[in-house]
Amino acid sequence: MLAIPALATAAVLVLAGCGSRAGDTAEADAGTAAAGSCIDTSGDTIKLGFLNSLTGGMAISEQTVSNVLHMAADEINADGGILGKQIEYIQEDGATDWPTFAEKTEKLLTQDCVAAIFGGWTSSSRKAVKPVVEENNGLFFYPVQYEGLESSPNIYYTGATTNQQIIPAMDYLAAQGVKTLFLAGSDYVFPRTANAIIKLYAAELGIEIVGEEYVPLDKDDWTTQVSKIVAADPDFVFNTINGSSNVGFIKAYYDAGLTPETTPIISVSIAEEEAPAMGHEVTGNYASWNYFQSLETPNNPGFIERWQAYPDSSGVTSDPMEAAYISLYLYKALAEAAGSFEVDDINAAAAEGGITVDAPEGVVTLDGENHHISKPGNIGRINADNQFDIVWSSDGFIEPDPYLEGYDWFPADVRDALVAAAG
């Protein structure tokens, strides 16, 4: 059912609301520093690192994530900081280059002496950061939906894992009577692993996969691959393309005569930020996210208003930037629950449970074992204003299951093979 060796080869190549722990009464120990680290907590500031691709193909998405982290830091500082310390942030450019992400992580932890790092987008960037933060016992807060099959004591994941985005998308397609599906993705670990999971679940749902095509993340020409979509004539296209490569895909899609009426797309990386940048209107296509600007929650109107008034605002909110916003408030909640900036103390506070953040998407709860958060599932249809009309929502918040251990159709041997292939 799965071409595991091929997958392994590909993987190688390639709030305004504050967070709190229920019943927390811990007093802050402002002088605590991470053991064996160079973090300086003796003054009135705490250094944090922001690591985002401000150049290269992923800048189309990551620039806004960087900007909203700045806004969150400004908000927190205006409200008294973290444990009485003002955030001093150091911004670095990952440049859409995975070795650069690793190098900048090393610099931020060992030279700049930051207490935590926030950023990344692609799974390749996260995979580059992971061994560095683990070796140096640092903290990395990752804000973007991803393929799952990972957890780390040194990473907190505020974007969706598979059962919070991809599984709901497949359930929605099945409920709409979809019988055939074409998979289009960027050629790196997230799309390859996500599509391996999609193929397994599609078989369970009785959906036939009629094609599967990939283009490198830094390439924009989808002409040949889209011609195969035309030939296959699927009911839907499942899009796991990232970054500016989506622009080339959308161009080829319309140039080939495809439309949302004949061959609709459901995407997991086109949001309010990306939709107007596609070079063609994309009205009528779909996306699966946890947060949309159109989401009706108590905190969302204020979040939108503050973001639109922020000097570096893009003007629209979206899921990844909202998850990045959550990440800084989650760190604040963890540090204050621990009364410390020490990594081991923060993880101990997480393990005790009850850490929440009153976020724009609703009140999210941290799973202290796997370091993911609960999230609502939502499917949106793009309208003429490049906003999303929500057409489906989960009954409640979906608890994170990054290893899909609660799904009988996902056998342990396949899980182990995919984890090994992803690295």
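The coordinates are above.
Report follows, based on the coordinates. (Residues numbered from 1 in each chain as written. Predicted model: local features only at pLDDT ≥ 70, side-chain atom pairs only at ≥ 80, totals over all residues. Heavy atoms only, no water.)

Turning next to the pairing of strand E13 (residues 362–365). Both strand E12 (residues 355–359) and E13 contribute to a ladder of four bridges, which runs antiparallel. Bridging across to E13, Thr 356 finds its partner in Thr 365. The turn joining E12 and E13, which pair antiparallel and follow one another in sequence, is formed by two residues. (Pairing = 2+ DSSP bridges. Helix = DSSP H or I, 4+ residues; strand = E, 2+ residues; numbered from the N terminus.)

Two descriptors summarise a pair of aromatic rings, namely the distance from one centre to the other and the angle between the planes of the rings. In this structure the tally under the stated criterion is 23 aromatic pairs. Put simply, the rings of Phe 50, Tyr 89, Phe 118, Phe 141, Tyr 156 and Tyr 331 pair up and form one aromatic cluster. The positively charged end of Arg 126 is found above the aromatic ring belonging to Tyr 142, 4.9 Å away from the centroid. Above the face of the Tyr 214 ring, Arg 192 is positioned so that its terminal group lies 3.9 Å from the ring centre. (Phe/Tyr/Trp six-rings, centres within 6.5 Å; stacked < 30°, edge-to-face > 60°. Lys NZ or Arg CZ within 6 Å of the ring centre and 35° of its normal.)

What follows covers helix H7 (residues 223–232). Every buried residue of H7 is accounted for by Gln 225, Val 226 and Ile 229. Down the axis of H7, the buried set is contained in an arc of 95 degrees. They therefore lie on one face. Looking at H7, the residues exposed on the side facing more than 90 degrees away from the buried face are Thr 223 and Ala 231. Count one or two residues on from H7 and you reach Asp 233, which has phi positive near 50 degrees. (Buried < 20%, exposed > 50% of the residue type's maximum accessible area, 1.4 Å probe, protein only. Arc of directions from axis to C-beta.)

Over its 13 residues, helix H4 (residues 123–135) runs 19 Å from end to end, which matches the ideal 18 Å to within 8%, given 1.5 Å per residue. Considering bend angle alone, the principal kink of H4 is centred on Val 129 and spans about 25 degrees; proline Pro 131 follows within four residues of it. With ten of its 13 residues buried, H4 lies for the most part within the structure. Those residues of H4 lying buried are Ser 123, Ser 124, Ser 125, Arg 126, Lys 127, Ala 128, Val 129, Lys 130, Val 132 and Val 133. Looking at the buried positions of H4, the neighbouring elements they touch are strand E2 (45–52), helix H3 (98–110), strand E5 (140–142), strand E6 (155–157), helix H6 (189–205) and helix H12 (412–422). A positive backbone phi angle near 50 degrees is found at Asn 137, which sits one or two residues after H4. (Expected span 1.5 Å × (residues − 1). Bend = angle between axes of the 7 residues up to and from the residue. Contact = heavy atoms within 4.5 Å.)

So, on to the sheet that holds strand E10 (residues 265–267). Sheets are built from strands paired through backbone hydrogen bonds, the pairs being either parallel or antiparallel. The strand order across the open sheet built from seven strands is E8-E7-E9-E10-E11-E14-E15, with neighbouring strands paired in mixed fashion. Strands at the two margins of the open sheet, each flanked by one partner only, are strand E8 (208–215) and strand E15 (388–398). Neighbour-to-neighbour, the strand axes of the sheet open up by a mean angle of 20 degrees, direction not taken into account. Both strand E7 (residues 180–186) and strand E9 (residues 236–240) contribute to a ladder of five bridges, which runs parallel. Its bridge partner lying in E9, Leu 183 is registered against Phe 238. The strands touched by H6 within the sheet are E7, E8 and E9, with E8 carrying the most contacts at an inclination of about 180 degrees. (Axes fitted to C-alpha atoms, helices over the stretch in contact; angles between N-to-C directions.)

In the structure shown here, the tally under the stated rule is one disulfide. Paired by a disulfide, Cys 38 and Cys 113 hold their sulfur atoms 2.0 Å apart. Its S-S torsion of about -110 degrees marks the bond between Cys 38 and Cys 113 as left-handed, since a negative value means left-handed. Pair noted here: Cys 38 is in the loop between strand E1 (19–21) and E2 and Cys 113 is in the loop between H3 and strand E4 (117–119), with a separation of 75 residues, a long-range link. (Disulfide = S-S within 2.5 Å.)

A few words now on the side chain of Asn 163. With respect to the helices and strands, the residue Asn 163 is situated in helix H5 (residues 162–175). On the accessibility criterion, Asn 163 (3% relative accessible area) is buried. There is a polar contact of 2.9 Å between the side chain of Asn 163 and the backbone oxygen of Glu 399. (Polar contact = N/O pair within 3.5 Å; in protein donor to acceptor, adjacent residues only side chain to side chain.)

Remark: helix H2 (residues 59–78) packs on helix H10 (residues 319–338), axes separated minimally by 8 Å, with the N-to-C direction vectors making an angle of 35 degrees. By crossing handedness, the relation of H2 to H10 is classed as right-handed. From H2, Thr 64, Val 65, Val 68, Leu 69, Met 71, Ala 72, Ala 73, Glu 75 and Ile 76 reach across to H10, where they touch Pro 320, Met 321, Ala 324, Tyr 325, Ser 327, Leu 328, Tyr 329 and Lys 332. Looking at side-chain class alone, the contact of H2 with H10 contains 13 nonpolar, two polar and two charged residues. (Left-handed = near helix turned anticlockwise from the far one by under 90°. Nonpolar A, V, L, I, M, F, W, Y, C, P; charged D, E, K, R; others polar.)

Moving on: the environment of Trp 307. Along the chain, Trp 307 turns up in helix H9 (residues 300–309). Apart from the residues within four sequence positions on either side, Trp 307 is in contact with Thr 64, Asn 67, Val 68, Met 71, Asp 312, Ser 313, Ser 314, Gly 315, Val 316, Thr 317 and Met 321.

Turning next to unusual backbone geometry. Phi at Ala 95 takes a positive value of approximately 60 degrees, unusual for a residue other than glycine. Among the secondary structure elements, Ala 95 is positioned in the loop between strand E3 (86–93) and H3.

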